[in-house]
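Fold and geometry: a report
Each chain is listed here by its residues.
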Amino acid sequence: MTALEDWDDGPFRPEAVTVRVPAKINLSLSVGPLRADGYHELVTVFHAVSLYDEVIARAARGLSLTVEPLRRDSDVGGVPDDERNLAWRAALLLAEHAGVEPDVRLTVRKDIPVAGGMAGGSADAAAALVACDHLWGTGLRRDELHDLAGRLGSDVPFALHGGTAIGTGRGEHISPVLAAAGMEWVIAVMDGGLSTPKVFEACDLLRSRDGVTPDAPQVHPDLMSTLRSGDTERIGAALYNDLQPAAVELMPEIGELLDLGATAGAAGTLVSGSGPTTVFLVDGPVSAAEVEEQLRASGLCRAVRRARGPVPGAQVSNVR
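None of the values given here were measured: they were computed from a predicted structure.

Parameters and conventions
Residues numbered from 1 in each chain as written. Predicted model: local features only at pLDDT ≥ 70, side-chain atom pairs only at ≥ 80, totals over all residues. Heavy atoms only, no water. Helix = DSSP H or I, 4+ residues; strand = E, 2+ residues; numbered from the N terminus. Rg over C-alpha atoms; globule rule 2.2 N^0.38 Å. Areas by Shrake-Rupley, 256 points an atom, 1.4 Å probe, with all protein chains shown as cover. Lys, Arg positive; Asp, Glu negative; His and termini not counted. Charge placed at Lys NZ, Arg CZ, Asp CG, Glu CD. Salt bridge = Lys/Arg side-chain N within 4 Å of Asp/Glu carboxyl O. Buried < 20%, exposed > 50% of the residue type's maximum accessible area, 1.4 Å probe, protein only. Axes fitted to C-alpha atoms, helices over the stretch in contact; angles between N-to-C directions. Left-handed = near helix turned anticlockwise from the far one by under 90°. Contact = heavy atoms within 4.5 Å. Nonpolar A, V, L, I, M, F, W, Y, C, P; charged D, E, K, R; others polar. Pairing = 2+ DSSP bridges.

This part covers the overall build of the protein. In terms of helices and strands, the protein carries ten helices and twelve strands. At 19 Å, the protein has a C-alpha radius of gyration in line with the 20 Å of a compact globule built from 320 residues. Total accessible area on the protein is roughly 13900 Å²; 49% of this is exposed by carbon and sulfur atoms. In the protein, 28 side chains carry a positive charge and 44 a negative one; their mean positions are 4 Å apart.

What follows is the structure, encoded as structure tokens:
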């Protein structure tokens, strides 16, 4: 059973549904000028990687949510367990849309870095949509789930789809991209987080200070061709993020980590989204081990992880 299969309207209704959902990184992030609605027009290339959260939806009376670590060293500090949590809001939105009571006990088991620019909250919202859809038997079509996801946040639709995809608008419009399989990443997780609005504000201030008028955002054609090629060196050279200078301005340690990873042999270095998580594209296990060792020894990051991409989006992993 996959995340977006039609529900069987037979008599069976599960007691619990578990959905696994991946983190994302942005292989490119092009930021246009500030719009009248307060958002920036974006064009990005999303890439789902093998760091996962799980959301378990259990039959219950009323709506409740708990947050716990998926692994012993997973961080859940500061993650809300009430209506501020996107997974909670996803359950309410689905119930309203489908005309059912929001009767569910959600357990969010986190391993995606918190406030790290890897869309962990958005991933949990996507997982909650899929889990509650199965638990309640609401049987939403793919396009309905996508529309609800877009109402919850810019990164939520991609968490449903996974793989590699271009995101436009605020990031919510998704177009799949052909990309080579098996890209290997080293991911440095820093203490603390960066506020996404503050990073965008800093980006605008830097551009104003430097007299830069941003053009309409676009994906550089070199990145599209290199993604299909699977050439690690070429892909690494084509990675870019317009928010990276702002993230480094707000947290200079990010720049130190990027320089360290490049010196250690990474083919590409990048701030993930609005940061502060940094990602390093490597060409195999030997390079990954060297980059990981150097990052750990730096004392600049809380944890270092390895991941592969692309991987599928939110998927049901257990029903009982």
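This is not the end of the story, as more comes after the structure.
This part takes up the pattern of salt bridges. Overall, the coordinates contain 21 salt bridges when judged by the stated rule. Between Asp-143 and Arg-141 there is a salt bridge; the shortest N-O distance is 3.0 Å. On the basis of relative accessibility, which here comes to 40%, the residue Asp-143 falls in the partly exposed class. As a salt-bridge pair, Asp-210 and Arg-209 come within 3.7 Å of each other at their nearest N and O atoms. Under the relative-accessibility criterion, Asp-210 is labelled exposed at 52%. Taken together, the shared-partner salt bridges connect Arg-71, Asp-73, Asp-111 and Arg-305 into one network.

Moving on, we come to the packing of helix H9 (residues 253–263) against helix H10 (residues 285–298). Contact geometry of H9 with H10 gives a least axis separation of 9 Å together with a crossing angle of 145°. For the pair H9 and H10, the crossing hand works out as right-handed. Facing H9, whose interface residues are Leu-257, Leu-260 and Gly-261, H10 presents Val-291, Gln-294, Leu-295 and Ser-298. In terms of residue class, the contact of H9 with H10 is built from four nonpolar, three polar and no charged.

What follows covers the environment of Met-118. On the secondary structure map, Met-118 appears in the loop between strand S4 (104–110) and helix H2 (120–136). On the accessibility criterion, Met-118 (0% relative accessible area) is buried. Between the C-alpha atoms of Met-118 and Thr-278, which are 160 residues apart in sequence, the distance is 9.8 Å. Apart from the residues lying within four places of it in its own chain, the contact partners of Met-118 are Ala-23, Lys-24, Ile-25, Val-49, Leu-51, Ile-112, Pro-113, Ile-187, Ser-272 and Thr-277.

All right, on to the sheet that holds strand S7 (residues 183–189) then. Strand order in this open sheet of four strands is S9-S10-S7-S11, and the pairing throughout is antiparallel. Unpaired on one side and paired on the other, strand S9 (268–271) and strand S11 (303–309) mark the two borders of the sheet. Strand-to-strand twist in this sheet, taken as the mean axis angle between neighbours without regard to direction, amounts to 25°. Direction of pairing for S9 relative to strand S10 (residues 278–282): antiparallel, over a ladder of four bridges. Note that in S10 the partner of Thr-269 across the bridge is Phe-280. On the sheet, H10 packs against S7, S10 and S11 and is oriented at approximately 155° with respect to S11.

The values reported here are purely geometric and, on their own, carry no functional implication.
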